[in-house]
Amino acid sequence: MFRRATLADVTTVRNLTRLAYAKWVPLIGREPLPMTADFERAVTEHIIDLLMTGTDVVGLVEVIPHEQYLLIENLAVGPNHQGKGLGDLLLKRAEAVARSLNLDEVRLYTNAAFASNIVFYAKRGFSEFAREPMATGGSIVHMKKLLPNP
């Protein structure tokens, strides 16, 4: 169901991310930061797990290990697959990666204008711990979740 992204997947990662975040462009008047990422660098330097349905990539989660926590840098589900519980699977995958690295905290951030994202993460155990202004306007909401002992 999951496989690790390789350099051969850069275009797939880029296309899926851009499709997943396109709905936010009208709300904030610009492309969200994940749409403008250096995808080759992300695939090379971060952990990106692709959620597969057969041979189709339907979602992805990009994580960056830190000393005390795992940061979810990008969580994307293709527009045709949203609302089917795949975001939950991707979050659980990130938690499994954190545990495999002996980390007991997962963090993420989202644009404060993306209220549905904040609600989605809060319902899954994430709590807000900081807000910071963005250079492009608006603010970023930082959230974290402590993982229970297995």
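Attention here is on the structure that accompanies the text.

### Some thoughts on the side chain of E62
Mapping E62 onto the fold places it in strand 3 (residues 56–65). Lacking a salt bridge, the buried E62 has R41 as its closest oppositely charged neighbour, with an N-O distance of 7.9 Å. Those residues in contact with E62 that sit more than four places away from it in its chain are A42, H46, I47, I48, L71, I72, E73 and N74.

### Description of the layout of surface pockets
Over the atoms rolls a probe the size of a water molecule, and in doing so it shows where empty space is left. The volume enclosed by the largest pocket comes to roughly 890 Å³. Y21, N74, L75, N117 and Y121 are, among the 43 residues lining the largest pocket, the residues nearest its centre. Those elements giving two or more residues to the lining of the largest pocket turn out to be helix 1 (10–21), helix 3 (39–45), strand 3, strand 4 (70–77), helix 4 (86–100), strand 5 (105–111) and helix 5 (115–122). Sort the elements by how many residues they give to the lining of the largest pocket and strand 4 lands first, with six residues.

### Focus on helix 1
For helix 1, built from twelve residues, the straight-helix expectation of 16 Å at 1.5 Å per residue is met to within 8% by its first-to-last C-alpha distance of 17 Å. Taken together, the buried positions of helix 1 are occupied by V10, V13, L16, T17, A20 and Y21. Relative to the axis of helix 1, the buried residues are bounded by an arc of 140° and lie together on one face. Buried residues along helix 1 sit in contact with helix 2 (25–28), helix 3, strand 2 (47–53), strand 3 and strand 4.

Conventions and cut-offs
- Residues numbered from 1 in each chain as written.
- Predicted model: local features only at pLDDT ≥ 70, side-chain atom pairs only at ≥ 80, totals over all residues.
- Heavy atoms only, no water.
- Helix = DSSP H or I, 4+ residues; strand = E, 2+ residues; numbered from the N terminus.
- Buried < 20%, exposed > 50% of the residue type's maximum accessible area, 1.4 Å probe, protein only.
- Lys, Arg positive; Asp, Glu negative; His and termini not counted.
- Salt bridge = Lys/Arg side-chain N within 4 Å of Asp/Glu carboxyl O.
- Contact = heavy atoms within 4.5 Å.
- 1 Å grid on protein atoms, 1.4 Å probe; cavity = no way out; pocket = protein on both sides within 12 Å on 5 of 7 lines; lining within 4 Å.
- Points joined across faces, edges and corners; volume = space filled by probe spheres on them.
- Expected span 1.5 Å × (residues − 1).
- Arc of directions from axis to C-beta.

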